[in-house]
Amino acid sequence: GAKKEPVLTFKTDLSTPESVFYDDANDVYIVSNINGKPLEADNNGYIAKLSPDGKVATAKWIEGGKNKVTLNAPKGLAVIADTLYVSDIDTVRMFDRKSGAPTGEVKVPGAVFLNDLAATTDGRVVVTDSGLKAGAKGFEPAGTDAVYSIDKAKKLTTIAKGKELGAPNGLYVAGDKTWVVTFGTNELYSLDAKGKKGDVTK
């Protein structure tokens, strides 16, 4: 018969789950948990591993404050080869895909709300800064909106920066275009290699 997709519900082991990444090499769902406020550097964020049959494989596989791990408010996830990349407020952190041990980090100067991550075919990761800060009525623009790229040598490059990015959030890389969906302006658009905005759809 038709294969039924599992219904995944983990009410007890997740705390502000932000992103899910399916790790095909290990057949697990990796889930980033903010565990508190999305802008708070409280070192209590964690990453859970869930199995496709709806069970918690490891509730706190990578945990802030344990085993030399710093993890405040983890959001976006991406994998390249043996490295798991995690966006965390103003830093992209790297972990061993198999063991979960920390393997490095890249600070993003001026960033305030690093959000989604996506891997490119040439071995880079792309990351958004949604440029949001805490305000009286929720999030307010901080003006740091940007899309960055990090290469294999951990070199940081700015693809695009500016308020016209509309609080960039979700990312998808296809060919030479990086597709961006915004948090602030209800837009979907592409950025080319030079950071030029195109294909804008409301």
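The text that follows walks through the structure, step by step, so that each part is easy to find. (Residues numbered from 1 in each chain as written. Predicted model: local features only at pLDDT ≥ 70, side-chain atom pairs only at ≥ 80, totals over all residues. Heavy atoms only, no water.)

**Comments concerning the overall build of the protein**
At step 1: Helix and strand counts for the protein stand at zero helices and 18 strands.
At step 2: Expected size for 202 residues packed as a compact globule is a radius of gyration near 17 Å; at 17 Å, the protein falls within 12% of this value.
At step 3: By its C-alpha atoms, the protein is 45 × 40 × 35 Å across when sized along the principal axes.
At step 4: Split into buried and exposed, the 202 residues of the protein put 44% on the buried side.
At step 5: Taking all contacts inside the protein whose residues are at least 6 apart in sequence as the whole, residues at least 24 apart take part in 38%.
At step 6: Accessible surface for the protein amounts to roughly 10400 Å². Of this, 52% is attributable to carbon and sulfur atoms. (Helix = DSSP H or I, 4+ residues; strand = E, 2+ residues; numbered from the N terminus. Rg over C-alpha atoms; globule rule 2.2 N^0.38 Å. Buried < 20%, exposed > 50% of the residue type's maximum accessible area, 1.4 Å probe, protein only. Contact = heavy atoms within 4.5 Å. Areas by Shrake-Rupley, 256 points an atom, 1.4 Å probe, with all protein chains shown as cover.)

**Remarks on the environment of K75**
At step 1: Examined against the element boundaries, K75 turns out to sit in the loop between strand 4 (56–63) and strand 5 (77–80).
At step 2: Overall, the relative accessible area of 1% leaves K75 in the buried class.
At step 3: Sequence separation of K75 and K194 is 119 residues, and the distance between their C-alpha atoms is 26 Å.
At step 4: Setting aside residues up to four positions removed in sequence, K75 forms contacts with E18, S19, S32, I34, P38, V86, S87, I89, F113, L114 and N115.
At step 5: Looking at K75, its side chain comes within polar contact range of the main-chain oxygen of P38, at 2.6 Å. (Polar contact = N/O pair within 3.5 Å; in protein donor to acceptor, adjacent residues only side chain to side chain.)

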